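# Structural overview
Here are the chains, one letter per residue:
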Amino acid sequence: QTHTRADGQGPAGMAAGRGGAARASLRQDHWWVAPAVTVAVLTGFVGYGTWAAFRNAAYYADPYLSPFYSPCLTDSCPRDALGSGFFGDLPWISPAIPILIFPLGFRLTCYYYRKAYYRSFWWAPPACAVPDARRKYSGETRLPLIMQNVHRYFLYFGVLFIGLLAYEAVGAFGFDGHFGVGVGTGMLMVNVVLLGLYTFSCHSFRHLCGGGLRTLSAHPIRRQMWQAVSALNRRHMVWAWASLLWIMITDLYIWLVAAGHLHDYHWVA
Ligand code: FES
């Protein structure tokens, strides 16, 4: 059934424009489920991530380094961690804090996460065909949200971090100088793969590969890269959630092993 306003501008009972709903949405389905789940998972992650970043203990279970602490740049880091001691002696600060801005900035400004948290936390709008919670909407055209455009620069750090995490994951094959494979090794490898899928399916990376060209077909290599990234990009949301949850599970596992609550099963040659 079609509901139309007398002036023909939109559904009956709803105000014209984005803000200022005259009444609730005409949607009959459970549109609130997705924003509610997003709030629950993101809040859980922020809570866990805060605890993980500030605990400043049990983040290394030889040879596994928690991805929250990678790269580990202070003197208190394990000696064989990449960049260990770079910041010198900072015993009062968790080694996770100085590097936090990069993964956090990358995620916070991600185009997908923006959609997710604008909908779920700010209700701007909460779902398609559901009115905004606020009357005014200025979008990302002015401060502070115009700052979201820095995402393209955070991408470079995101790519750098994939290299650093891959280095640490390869290091997780070394058990006292011997080659080995453990549960933690597998978890760190999966972590790099999922973060890689998330990073290389980024909208900004896609633009970097194929954007700004008048004729894409005249640049076959960039076109092929753009096509590959486009294929990954279709599942960007999936990689975003999978990598977010997995990094949390990996840190939890390493904490359990490092704190002596769990035994790591591994095979050493
Ligand atoms: Fe999500 Fe770039 S758009 S990481």
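Notes on the structure in this doc start here. Worth saying up front: this structure is predicted, and the values here are computed from it rather than measured. (Residues numbered from 1 in each chain as written. Predicted model: local features only at pLDDT ≥ 70, side-chain atom pairs only at ≥ 80, totals over all residues. Heavy atoms only, no water.)

Tyr64, Phe68, Tyr112, Tyr113 and Tyr198 are the most contacted members of the largest nonpolar core, which has 48 residues in total. Put simply, the parts of the chain that give this core at least two residues each are α1 (33-55), β2 (64-65), α3 (111-120), α4 (151-171), α5 (183-200), α6 (203-210) and α8 (236-258). The element best represented in this core is α8, accounting for 9 residues. Apart from the residues within four sequence positions on either side, Tyr198 is in contact with Phe106, Arg107, Cys110, Tyr113, His236, Trp239, Ala240 and Ser243. (Core = buried A, V, L, I, M, F, W, Y, C linked by side-chain atoms within 4.5 Å. Buried < 20%, exposed > 50% of the residue type's maximum accessible area, 1.4 Å probe, protein only. Helix = DSSP H or I, 4+ residues; strand = E, 2+ residues; numbered from the N terminus. Contact = heavy atoms within 4.5 Å.)

With that settled, consider the side chain of Gln148. Mapped onto the elements of the fold, Gln148 is located in the loop between α3 and α4. Overall, Gln148 belongs to the buried group, its relative accessible area being 7%. Only 2.9 Å separates the side chain of Gln148 from the side chain of Tyr118, close enough to count as a polar contact. The residues contacting Gln148, other than those within four sequence positions of it, are Leu108, Thr109, Arg114, Tyr117, Tyr118 and Glu140. (Polar contact = N/O pair within 3.5 Å; in protein donor to acceptor, adjacent residues only side chain to side chain.)

The omega torsion of the bond from Asp62 to Pro63 falls at 10°, within 30 degrees of zero and hence cis. Cis geometry is found at the peptide bond from Ala124 to Pro125, where omega equals -10°. Mapped onto the elements of the fold, Pro125 is located in the loop between α3 and α4. Unlike most non-glycine residues, Asn56 shows phi in positive territory, near 50°. Mapped onto the elements of the fold, Asn56 is located in the loop between α1 and β1 (60-61). Overall, the relative accessible area of 25% leaves Asn56 in the partly exposed class. A positive phi angle, close to 50°, is found at Ala58, a residue other than glycine. Mapped onto the elements of the fold, Ala58 is located in the loop between α1 and β1.

All right, on to the pattern of salt bridges then. Taken as a whole and judged by the stated rule, the model has 3 salt bridges. Notably, a salt bridge pairs Asp29 with Arg27, separated by 2.6 Å at the nearest N-O pair. Classification of Asp29 by relative accessible area gives partly exposed; the value is 39%. Where Asp251 meets Arg55, a salt bridge forms, and the shortest distance between an N and an O atom there is 2.9 Å. Of the two residues, Asp251 is situated in helix α8 and Arg55 in helix α1; the sequence distance between them amounts to 196 residues. Considered together, Asp251 and Arg55 belong to a single accessibility category, that of buried residues. (Salt bridge = Lys/Arg side-chain N within 4 Å of Asp/Glu carboxyl O.)

These figures capture arrangement, not role.
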